[in-house]
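# An overview of the molecular structure
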Amino acid sequence: MREKDIEKILVAEVRKLGGRAYKWVSPGNDGVPDRIVIFPGKTPVFVELKKKYQSVVYKRRGSALQAVQIRRLGELGQKVYVTYGIDGISQFFQDEGYEETSKALDCRYGL
(Lines give C-alpha, C1' and ligand atoms only; values in the text may rest on other atoms or scores of the structure.)
Protein backbone atom coordinates (compact mmCIF):
# COMPACT_ATOMS: atom_id res chain seq x y z
CA MET A 1 0.00 0.00 0.00
CA ARG A 2 1.28 3.45 -0.90
CA GLU A 3 2.00 6.08 1.73
CA LYS A 4 -0.68 8.29 0.17
CA ASP A 5 -3.29 5.55 0.72
CA ILE A 6 -2.19 5.05 4.33
CA GLU A 7 -2.48 8.80 4.88
CA LYS A 8 -6.07 8.82 3.54
CA ILE A 9 -7.01 6.05 5.98
CA LEU A 10 -5.52 7.96 8.91
CA VAL A 11 -7.40 11.14 7.97
CA ALA A 12 -10.70 9.29 7.56
CA GLU A 13 -10.41 7.44 10.87
CA VAL A 14 -9.46 10.60 12.77
CA ARG A 15 -12.49 12.40 11.29
CA LYS A 16 -14.78 9.54 12.36
CA LEU A 17 -13.61 10.23 15.92
CA GLY A 18 -14.47 13.92 15.58
CA GLY A 19 -10.88 15.04 15.13
CA ARG A 20 -8.76 16.54 12.39
CA ALA A 21 -5.53 15.39 10.76
CA TYR A 22 -4.05 18.47 9.13
CA LYS A 23 -1.43 18.09 6.41
CA TRP A 24 1.69 19.85 7.61
CA VAL A 25 3.71 21.67 5.00
CA SER A 26 6.20 24.10 6.49
CA PRO A 27 8.18 26.04 3.88
CA GLY A 28 11.83 26.25 4.85
CA ASN A 29 11.44 23.38 7.32
CA ASP A 30 11.82 20.22 5.27
CA GLY A 31 11.38 16.95 7.13
CA VAL A 32 8.48 17.92 9.37
CA PRO A 33 6.00 15.09 10.09
CA ASP A 34 3.22 14.50 7.55
CA ARG A 35 0.24 15.27 9.77
CA ILE A 36 -0.78 17.19 12.88
CA VAL A 37 -3.55 15.12 14.50
CA ILE A 38 -5.99 16.76 16.88
CA PHE A 39 -8.53 14.67 18.75
CA PRO A 40 -11.35 16.32 20.69
CA GLY A 41 -10.15 17.43 24.13
CA LYS A 42 -6.59 16.22 23.62
CA THR A 43 -3.21 17.79 22.94
CA PRO A 44 -2.20 17.71 19.24
CA VAL A 45 0.25 15.01 18.17
CA PHE A 46 2.47 14.76 15.11
CA VAL A 47 2.44 11.74 12.80
CA GLU A 48 5.03 10.75 10.20
CA LEU A 49 3.64 8.05 7.94
CA LYS A 50 5.74 5.43 6.19
CA LYS A 51 4.81 2.52 3.99
CA LYS A 52 5.29 -0.79 5.69
CA TYR A 53 8.18 -2.18 3.69
CA GLN A 54 11.24 0.01 3.43
CA SER A 55 14.90 -0.67 3.85
CA VAL A 56 16.01 -1.50 7.36
CA VAL A 57 18.28 1.56 7.54
CA TYR A 58 15.55 3.96 6.35
CA LYS A 59 12.94 2.34 8.56
CA ARG A 60 15.16 2.77 11.58
CA ARG A 61 15.83 6.49 11.15
CA GLY A 62 13.94 7.92 8.14
CA SER A 63 15.67 10.75 6.36
CA ALA A 64 18.27 12.80 8.21
CA LEU A 65 16.05 15.89 8.01
CA GLN A 66 13.10 13.99 9.44
CA ALA A 67 15.22 12.76 12.34
CA VAL A 68 16.28 16.34 13.11
CA GLN A 69 12.72 17.65 12.99
CA ILE A 70 11.38 14.80 15.13
CA ARG A 71 14.13 15.36 17.69
CA ARG A 72 13.37 19.11 17.78
CA LEU A 73 9.69 18.49 18.38
CA GLY A 74 10.53 15.97 21.10
CA GLU A 75 12.81 18.49 22.78
CA LEU A 76 9.85 20.89 22.83
CA GLY A 77 7.84 18.28 24.70
CA GLN A 78 5.72 17.27 21.71
CA LYS A 79 4.59 13.72 20.97
CA VAL A 80 5.68 12.44 17.55
CA TYR A 81 4.68 9.08 16.11
CA VAL A 82 6.42 7.40 13.19
CA THR A 83 4.04 4.78 11.83
CA TYR A 84 4.73 1.96 9.37
CA GLY A 85 1.83 0.77 7.26
CA ILE A 86 -1.69 0.06 8.44
CA ASP A 87 -0.45 -1.83 11.48
CA GLY A 88 1.43 1.30 12.54
CA ILE A 89 -1.72 3.38 12.24
CA SER A 90 -3.59 0.76 14.24
CA GLN A 91 -0.95 0.98 16.97
CA PHE A 92 -1.18 4.79 16.90
CA PHE A 93 -4.92 4.69 17.60
CA GLN A 94 -4.40 2.13 20.37
CA ASP A 95 -1.66 4.24 21.97
CA GLU A 96 -3.92 7.30 21.85
CA GLY A 97 -6.74 5.43 23.61
CA TYR A 98 -8.92 4.52 20.64
CA GLU A 99 -8.87 0.74 20.96
CA GLU A 100 -12.09 0.23 19.00
CA THR A 101 -10.66 2.07 15.99
CA SER A 102 -7.49 0.00 16.27
CA LYS A 103 -9.48 -3.24 16.36
CA ALA A 104 -11.63 -2.14 13.42
CA LEU A 105 -8.53 -1.43 11.33
CA ASP A 106 -7.06 -4.79 12.32
CA CYS A 107 -10.22 -6.57 11.18
CA ARG A 108 -10.64 -4.53 8.00
CA TYR A 109 -7.06 -5.05 6.84
CA GLY A 110 -6.45 -8.54 8.24
CA LEU A 111 -3.81 -7.62 10.79
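Residues numbered from 1 in each chain as written. Predicted model: local features only at pLDDT ≥ 70, side-chain atom pairs only at ≥ 80, totals over all residues. Heavy atoms only, no water.

## Looking at the packing of helix H4 (residues 85–95) against helix H5 (residues 99–108)
Heads up, the condition is: Axis angles are defined between N-to-C directions and span 0 to 180 degrees, where every axis is a line fitted to C-alpha atoms and, for a helix, only to the segment in contact. The helix and strand labels rest on DSSP assignments: H or I over at least four residues marks a helix, E over at least two residues marks a strand, and numbering proceeds from the N terminus. The cut-offs work like this: below 35 degrees is roughly parallel, past 145 is roughly antiparallel, 65 to 115 is roughly perpendicular, and the gaps in between are oblique. Put simply, a crossing is left-handed when the front helix is turned counterclockwise from the back one by less than a right angle, and right-handed when it is turned clockwise. Here, two residues are considered to be in contact whenever any of their heavy atoms come within 4.5 Å of each other.
Packing of H4 against H5 leaves a shortest axis separation of 7 Å and a crossing angle of 160°. For the element pair H4 / H5, the angle class is roughly antiparallel. Crossing geometry of H4 relative to H5 is assigned as left-handed. Contacts between H4 and H5 involve Ile 89, Ser 90, Phe 93 and Gln 94 on the former and, on the latter, Glu 99, Thr 101, Ser 102, Leu 105 and Asp 106.

## Quick word on H5
Side chains three or four residues apart in an α-helix point the same way, a direct result of the helix having 3.6 residues per turn. Quick note on the threshold: Each residue is assigned to one of three classes by its accessible area relative to the maximum for its type, calculated with a 1.4 Å probe on protein chains only: buried under 20%, partly exposed between the two thresholds, exposed over 50%. What the arc measures is the spread of directions leading from the helix axis to the C-beta atoms.
When H5 is considered as a whole, its buried residues turn out to be Thr 101, Ser 102 and Leu 105. Looking straight down H5, one finds its buried side chains confined to an arc of 100°; they lie on one side. Residues of H5 that are exposed and point more than 90 degrees away from the buried face comprise Glu 100 and Cys 107. On its buried side, H5 packs onto helix H1 (3–16) and H4. Taken from the residues just after H5, Gly 110 is the one with a positive phi, measuring 65°.

## Structural notes on the nonpolar core
Our working definition: Note on terminology: a nonpolar core comprises buried Ala, Val, Leu, Ile, Met, Phe, Trp, Tyr and Cys residues joined through side-chain atoms within 4.5 Å.
With 18 residues, the main nonpolar core has Leu 10, Val 37, Phe 92 and Phe 93 as its most contacted residues. When contributions to this core are tallied by element, the ones reaching two or more residues are H1, strand S3 (45–50) and H4. Per-element tally for this core: the top contributor is H1, with 5 residues. With residues up to four places along the chain from it excluded, the contact list for Phe 92 reads Leu 10, Val 37, Phe 39, Val 45, Val 47, Tyr 81 and Thr 83.

## Comments concerning the sheet that holds S3
Convention followed: A pair of strands is considered paired only if DSSP assigns at least 2 bridges between the two.
Reading across from one edge, S1-S2-S3-S4 is the order of the 4 strands in this open sheet, with mixed pairing throughout. Only two strands of the sheet have a single neighbouring strand rather than two, namely strand S1 (20–23) and strand S4 (80–84). Neighbouring strand axes in the sheet, compared pairwise and without regard to direction, differ in orientation by 30° on average. Taken together, the 5 bridges between S3 and S4 define a ladder with parallel strand orientation. When the bridges of S4 are listed, Val 47 appears paired with Tyr 81. Across the sheet, H1 is in contact with S1, strand S2 (35–38) and S3; its angle to S3 comes to roughly 145°.

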